[in-house]
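Commentary on secondary and tertiary structure
Each chain, letter by letter, is given below.
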Amino acid sequence: DSADAKGLLRAAIRSEDPVVFLENELVYGRTFDVPAIDDFVLPIGKARIVRPGKDVTIVSYSIGVGFALEAAETLAAEGIDAEVIDLRTLRPLDKATVLASLAKTNRMVVAEEGFPVCSIASEIIAICMEEGFDHLDAPVLRVCNEDVPLPYAANLEKLALINSAKVAAAVRQVCYR
């Protein structure tokens, strides 16, 4: 959201290390509240739990967080309480928040608008397998764009991209519903 963008951009400018700041242009038309605090800075490398839950964790970032939140609302009506984590930064990656949530919910879905191969989702799954395996009650699933060149035709592009329905379906699968 805009508050995160403001706080993280300030942190990036002040950092003595090189920082690559990426934005998804599809969120440019959306509006969010921005804190009126003049010196609002967020720590680089710290994820945010945007929706607490107890049954399953959905990890995402950028535009995927919106899809995760929409899916969580749909799932809540079905009795599934999903925790949604916004990674905010990808490197450094906040493993501690991800693993703590996994320890709480024992199930995880990673949603990102990217390709599944060599993705952030792949890295999160590897972290869960290497450092959180004892907490897993189901395989960690990823919801990514289809592994095809992104089509130009609008109807085909829509089929290739992630959406909240695909995220909700993956959550149902890890919850065995």
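On a predicted model such as this, the values are computed, not experimentally measured, just so you know.

**Notes on a nonpolar patch on the surface**
On the surface, Leu9, Ile13, Val19, Phe21 and Ile44 cluster together into a nonpolar patch covering about 420 Å² of accessible area. By secondary structure assignment, the location of Ile13 is in helix 1 (residues 2-14).

**Thoughts on unusual backbone geometry**
Arg91 connects to Pro92 through a cis peptide bond whose omega is 10°. Relative to the helices and strands, Pro92 is located in the loop between strand 3 (82-86) and helix 3 (95-105). Of note in the backbone geometry, Ser62 takes a positive phi value of approximately 55° without being a glycine. Even without being a glycine, Cys118 presents a positive backbone phi close to 55°. Along the polypeptide, Cys118 turns up in the loop between strand 4 (108-111) and helix 4 (120-131).

**Points about the pairing of strand 3**
Burial analysis of strand 3 places five of its five residues in the buried class, which makes it a mostly covered element. The two faces of strand 3 match: Ala82, Val84 and Asp86 on one face and Glu83 and Ile85 on the other face are all buried. Sheet analysis places strand 1 (residues 48-51) next to strand 3, joined by three bridges and oriented antiparallel. Bridge assignment links Arg51 to a residue of strand 3, and that residue is Val84. Pairing between strand 2 (residues 56-60) and strand 3: five bridges, direction parallel. Bridge pairing in strand 3 places Val56 opposite Ala82. Chirality of the crossover, the property in question, places the unit of strand 2, helix 2 (residues 63-76) and strand 3 among those that are right-handed.

Criteria and cut-off values
- Residues numbered from 1 in each chain as written.
- Predicted model: local features only at pLDDT ≥ 70, side-chain atom pairs only at ≥ 80, totals over all residues.
- Heavy atoms only, no water.
- Patch = residues over 30% accessible without salt bridge, like charges linked within 9 Å, V, L, I, M, F, W, Y side chains within 5 Å.
- Areas by Shrake-Rupley, 256 points an atom, 1.4 Å probe, with all protein chains shown as cover.
- Salt bridge = Lys/Arg side-chain N within 4 Å of Asp/Glu carboxyl O.
- Helix = DSSP H or I, 4+ residues; strand = E, 2+ residues; numbered from the N terminus.
- Buried < 20%, exposed > 50% of the residue type's maximum accessible area, 1.4 Å probe, protein only.
- Pairing = 2+ DSSP bridges.
- Right-handed = clockwise from strand over helix to strand, strands pointing away.

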